[in-house]
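# Understanding the architecture of this molecule
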Amino acid sequence: MQQLHLNHDMFGPAEFTLYQDDDFKAVTFTYPSGVEAVRLENSRGQLTILPYMGLIIWDAVFCSISLKMKDMFSQPLPGTGIADTYGCFQFTSGLLGGGTPAPEDDYQLHGEAPTSRMDSAWLEFGDRTMSIHGQYEYVKGFGDHYLSRPSVTLHTDSGLFDISLDVTNLSNCQTMPLQYMCHMNYAYVHDGHMEQNVPDKAFRLRRTVPAHVHPTSQWLAYNEDLKASGELINDLNDESHYDPEIVFFSQNLAKLTDVAEFRLHLNAEHNFLTRFSTEQFPIVTRWILYNADQQVAAFALPGTSTPEGRAAAEKAGTLIHLKPREKRSFLVTTGLER
């Protein structure tokens, strides 16, 4: 496996072609905000990745179709949490605690991992693949100690790509909590249709109201109707009711299938796909939001638990307790299938 290690000297205000062959191209640049980026390209499209900022996938475009949600950010901004730069296509939610923290939780929205500053980053070139990798060591005196190694892999002539994460508990004597969601903020598609290889009845409407959600009377009435019907929203045709957000949680999908596949059909010609192992990700969240500032149809957010916080995961029995020196690996395949 050939590797090309990145360093900060490779990034400047002007685009620089770091690598190019018949199948792939890697271009480095720095946003006016000071955030460094690598654009990975193949014949179908491109991914813009922030190698030193959580290995966030800032943007994804294939066949001239943007996969990313409508947001309020013109560029990634430096910050200590994901809310400081919530305009990306994908980020790592977790890892010591994830999702929306409840009052009994003691961490910020989506945890410490999303904007973590990578200690190192590099490109790897394999058989018909180009990938970018990052490494981040988290350590606190009298606290947790882990190694996070995220990566993103682009394939030759494909709009699909892989998002991977390895997490190792580096402590020699104590367990660590692990809660992870591969948070993909897919574009809202008017009249888009979602389908999956698990039954609709495997999902339920979120019952709690997080602190960042401010219900209106209309929204509350719509939620009550959804609860009564048991309906899972599969068709994006009712924008007037998706503000504030509508969220569904699945049951343990490992009881239904080994590999889950979720699709969002844009039209007869194109669809988004998300595929993953239900052993790695037993819970899926569907998040829909539509207003003038933000429009997202996160049709499948694979997670180790629901995003209701670490305390809720502990109570539900879905919080992972990683043993000393234990490692967990996760893989999601996603993108434009056709």
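As the structure is a computational prediction, the values presented were derived from the model and not from experiment.

What follows is about the overall build of the chain. Regarding its fold elements, the chain presents 2 helices and 23 strands. Taken over C-alpha atoms, the radius of gyration comes to 19 Å for the chain, in line with the 20 Å a tight globule of 338 residues would show. Its C-alpha atoms give the chain principal-axis dimensions of roughly 55 × 55 × 40 Å. Among the 338 residues that make up the chain, the fraction classed as buried is 59%. Contacts spanning at least 24 positions in sequence make up 63% of the contacts within the chain whose residues lie at least 6 apart. Charge centroids of the chain, computed over 25 positive and 42 negative side chains, lie 5 Å from each other.

Right, let's talk about the packing of aromatic side chains for a bit. For the coordinates displayed, the defined rule picks out 20 aromatic pairs. An angle of 75 degrees between the planes, with centres 6.0 Å apart, marks the rings of phenylalanine 11 and tyrosine 52 as edge-to-face. Remark: tyrosine 52 occurs in the loop between strand E5 (45-50) and strand E6 (56-62) and phenylalanine 11 occurs in the loop between strand E1 (2-5) and strand E2 (16-20); sequence separation between them is 41 residues. Pair check on accessibility: phenylalanine 11 and tyrosine 52 agree, each one buried.

We now examine the sheet that holds E1. With respect to topology, 9 strands assemble into an open sheet ordered E1-E9-E10-E11-E12-E23-E19-E18-E15, the strand pairing being antiparallel. The open sheet terminates on both sides in strands that have one partner only, identified here as E1 and strand E15 (193-196). Averaged over all pairs of adjacent strands, the angle between their axes in this sheet comes to 15 degrees, without regard to strand direction. As defined by bridge partners, E1 adjoins strand E9 (residues 120-126) across 4 bridges and the pair is classed as antiparallel. Residue pairing for E9: glutamine 2 is matched across the bridge by phenylalanine 125.

Our focus in this paragraph is the side chain of glutamine 75. Note that glutamine 75 resides in the loop between strand E7 (65-66) and strand E8 (90-93). With residues near it in sequence (within four places) discarded, glutamine 75 still touches Tyr31, Pro32, Ser33 and Trp58.

Let's shift gears to unusual backbone geometry. For residues other than glycine, phi is negative in most cases, and the peptide bonds are mostly trans. That bond from glycine 94 to leucine 95 is cis: its omega, 5 degrees, falls within 30 degrees of zero. Here leucine 95 is to be found in the loop between E8 and E9. Residue proline 244 is reached from aspartate 243 by a cis peptide bond, and omega for that bond is 0 degrees. One non-glycine residue, aspartate 157, lies in the positive phi region at around 55 degrees. Inspection of the secondary structure assignment puts aspartate 157 in the loop between strand E11 (145-155) and strand E12 (160-169). Taking the relative accessible area as the measure of exposure, aspartate 157 reaches 45% and is therefore partly exposed.

The next thing to look at is helix H1 (residues 217-229). With 13 residues, H1 extends 19 Å between its outermost C-alpha atoms, agreeing within 8% with the 18 Å of an ideal straight helix rising 1.5 Å per residue. Considered for burial, the residues of H1 that qualify are Trp219, Tyr222, Asn223 and Leu226. In a view along the axis of H1, the buried residues occupy a sector of 100 degrees, so they form one face of it. More than 90 degrees from the buried face of H1, the exposed residues found are Ser217, Asp225 and Ala228. Looking at the buried residues of H1, the elements they touch are strand E16 (203-205) and strand E17 (246-250). Once H1 ends, the next one or two residues include glycine 230, with phi positive near 70 degrees.

As a further point, take the pattern of salt bridges. The full count for this structure, using the stated rule, is 11 salt bridges. Its salt-bridge partner being arginine 263, residue glutamate 261 comes within 3.1 Å of it at the nearest N-O pair. The class of arginine 263 is buried, set by a relative accessible area of 17%. With a shortest N-O distance of 3.5 Å, arginine 328 and glutamate 326 are connected by a salt bridge. For arginine 328, a relative accessible area of 32% translates into the label partly exposed. On the basis of relative accessibility, which here comes to 22%, the residue glutamate 326 falls in the partly exposed class. One continuous salt-bridge network, built from bridges that share partners, spans Glu261, Arg263, Arg275 and Glu337.

Summarising the element assignment, aspartate 21 is placed in the loop between E2 and strand E3 (25-30). At a separation of 2.6 Å, a polar atom in the side chain of aspartate 21 contacts the side chain of tyrosine 19. At a separation of 2.6 Å, a polar atom in the side chain of aspartate 21 contacts the main-chain amide nitrogen of phenylalanine 24.

Thresholds applied
- Residues numbered from 1 in each chain as written.
- Predicted model: local features only at pLDDT ≥ 70, side-chain atom pairs only at ≥ 80, totals over all residues.
- Heavy atoms only, no water.
- Helix = DSSP H or I, 4+ residues; strand = E, 2+ residues; numbered from the N terminus.
- Rg over C-alpha atoms; globule rule 2.2 N^0.38 Å.
- Buried < 20%, exposed > 50% of the residue type's maximum accessible area, 1.4 Å probe, protein only.
- Contact = heavy atoms within 4.5 Å.
- Lys, Arg positive; Asp, Glu negative; His and termini not counted.
- Charge placed at Lys NZ, Arg CZ, Asp CG, Glu CD.
- Phe/Tyr/Trp six-rings, centres within 6.5 Å; stacked < 30°, edge-to-face > 60°.
- Pairing = 2+ DSSP bridges.
- Axes fitted to C-alpha atoms, helices over the stretch in contact; angles between N-to-C directions.
- Expected span 1.5 Å × (residues − 1).
- Arc of directions from axis to C-beta.
- Salt bridge = Lys/Arg side-chain N within 4 Å of Asp/Glu carboxyl O.
- Polar contact = N/O pair within 3.5 Å; in protein donor to acceptor, adjacent residues only side chain to side chain.

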